[in-house]
Amino acid sequence: MDYLQITGGAKLSGSIKISGAKNSALPIIAATILSDKPVKLTNLPNVVDIRTLLKLLDILGGTVEHNDTVANINNGTMNSTKAVYEIVSQMRASILVLGPLLARFGECEVSLPGGCAIGQRPIDLHLKAMEAMGATIEIKGGYVRAEAPNGLQGAKIVFDKITVGGTENTLMAAALAHGTTTIVNAAKEPEIVQLCEMLADAGVKIEGIGTSEITIEGTGQKPLTFKDVEIIPDRIEAGTYLCAAAITNSTITLEKVNPAHIEASINKLEAMGCSFKIDGENITISGTSRLKPVSLVTTEYPGFPTDMQAQFMAVATMAIGESVIEERLFENRFMHVSELNRLGSDIWLKGSVAAVKPVAQLYGADVMATDLRASSALVLAGLVAEGVTNVHRIYHLDRGYDNLEGKLSTLGAKIERLSE
Ligand code: EPZ
């Protein structure tokens, strides 16, 4: 198994290009099921999760040509509606094929996504939405079997909790439904906006894009014809590199970013003492030798993103005072705490709140990645820890970061990928 070996203490400098957003590419790949014609996706991130979902399309009978950042997909050849356990168990976002398969073919069988390190992550809201649109849902043998033989019917869907995946599945199902669907309390992430724009560009009438109330006029089971889609920049990848500059007190530039998508992270880093220069799609961050402590609560977009919580905790370990971090979206997203404490940080947990007390220095050690964003937090801490840090189980990292060690090396970090 691979691990990353980092020798701490290097200052970073220079610039790197941010890749396409994994969390926008995944629903967009699923949405191609709504079409029986070819479509081209560009600026895909070169990460495991993208390859996994493209493999699922292939297993379902779709035609997929994929090189690093471009995929040509034609689901006109699709001949199966069973998303098998072997794939879904590798990546829970495979559940995003539920809505499009059901909408296009009137039935599907999707393996229930397995457990996940950061929380239970149920899909009850996805299933309730499908039932509200007329589907019959049965759960048996670890599979969700959904049927809507006469197609889905437009409905009013009120989410009692904001769900990114639930909103995405419902948008895709509604696109081919008979009649109008209204989603109330919809998620507003940039990836939701890009998915809506992709559907709208295919002729689906959508109102309220980017708001918490979205109305979709379905085509009544008429497959869509998509225009080519260029995936938006990855706001979480960008935020992670901003944290790399902050924790090492460096000045770096990120290219091909959408600054509007990372305002919450920029505001928090400014509050900690970092400064920014924004020039179109380029952001330059300069760190500070005296990082102020931070107080943050994770919440849905445009609030502070849960996917940046672990990375900010790593930065907070080097602040001159005590930081307080509350995780409100997931019930178990502090797995990085005990690993950061192995590097010498002094973090205390009480329920969903972490107190990050100041320490003079972190010291290199062997640590273990537990989930995608926790892995990146451990790498960030390794950049500043004295001596050598080995981050093990980085298959978690490879799911969502495109060439992290290569980009950090370009910026001057002493990091390399080795095999155990
Ligand atoms: C998406 O997951 C992202 N993944 C996650 O990023 C991100 O952390 C999350 O949104 C929140 O922003 C992708 O986009 C592929 P949710 P998703 O449904 O859609 C509960 C990463 O690091 N919930 O918005 O699964 C759920 O348990 C990943 O890139 C229900 O209770 O998140 C959670 O507490 C990690 N019932 C909350 O809602 C449901 O039916 C938010 O979940 C669905 C969700």
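Basis of the calculations
Residues numbered from 1 in each chain as written. Predicted model: local features only at pLDDT ≥ 70, side-chain atom pairs only at ≥ 80, totals over all residues. Heavy atoms only, no water. Helix = DSSP H or I, 4+ residues; strand = E, 2+ residues; numbered from the N terminus. Contact = heavy atoms within 4.5 Å. Pairing = 2+ DSSP bridges. Axes fitted to C-alpha atoms, helices over the stretch in contact; angles between N-to-C directions. Parallel < 35°, antiparallel > 145°, perpendicular 65-115°, else oblique. Nonpolar A, V, L, I, M, F, W, Y, C, P; charged D, E, K, R; others polar. Near = heavy atom within 4 Å. Polar contact = N/O pair within 3.5 Å; in protein donor to acceptor, adjacent residues only side chain to side chain. Areas by Shrake-Rupley, 256 points an atom, 1.4 Å probe, with all protein chains shown as cover.

## Side note on the side chain of Ser 376
1) Next: With respect to the element layout, Ser 376 can be found in helix α12 (residues 372–384).
2) Next: When near neighbours in sequence (up to four residues on either side) are disregarded, Ser 376 contacts Thr 240, Gln 311, Leu 397 and Tyr 401.

## Things to note about the sheet that holds strand β16 (residues 275–279)
1) Next: The 4 strands lie next to each other as β2-β15-β17-β16, forming an open sheet whose pairing is mixed. The open sheet has two free edges, formed respectively by β2 (15–17) and β16, since each of these has just one partner strand. Within the sheet, the average angular offset between the axes of one strand and its neighbour, ignoring direction, is 20°.
2) Next: Pairing of strand β15 (residues 251–255) with strand β17 (residues 282–286) involves 4 bridges; the strand directions are antiparallel. Across the sheet, the residue bridging to Leu 254 is Ile 283, located in β17.
3) Next: Where helix α8 (residues 235–247) meets the sheet, it contacts β2, β15, β16 and β17, and its direction lies at approximately 170° from that of β15.
4) Next: Against the sheet, helix α9 (residues 263–271) touches β16 and β17, its axis set at about 145° to β16.

## Here's the deal with the packing of helix α1 (residues 22–31) against helix α2 (residues 48–59)
1) Next: Interhelical geometry of α1 versus α2 gives an angle of 5° and a closest axis separation of 10 Å. Between α1 and α2, the crossing angle belongs to the class labelled roughly parallel. Contact with α1, carried on its side by Lys 22, Ala 25, Leu 26, Ile 29 and Ala 30, involves Asp 49, Ile 50, Leu 53, Leu 54 and Leu 57 of α2 and no other residues of that element.
2) Next: Class assignment for the residues of the contact of α1 with α2 results in 8 nonpolar, no polar and 2 charged.

## Points about the site of the ligand
1) Next: Around the ligand there are 23 residues in total, and Leu 125, Thr 163, Val 164, Asp 307 and Leu 329 lie nearest to it.
2) Next: In this structure, Pro 122 approaches the ligand through a main-chain N or O atom, which is 3.3 Å from an oxygen atom.
3) Next: Between the ligand and the protein, one listed contact pairs an oxygen atom with a backbone N or O atom of Leu 125 at 2.7 Å.
4) Next: Considering the ligand on its own, with 820 Å² of exposed area, one finds that the protein chains cover 89% of that surface.
5) Next: Put simply, the parts of the chain that give the shell around the ligand at least two residues each are α1, α5 (124–132), α6 (164–175) and α12.

Honestly, that's just the spatial picture; any functional story needs more than this.
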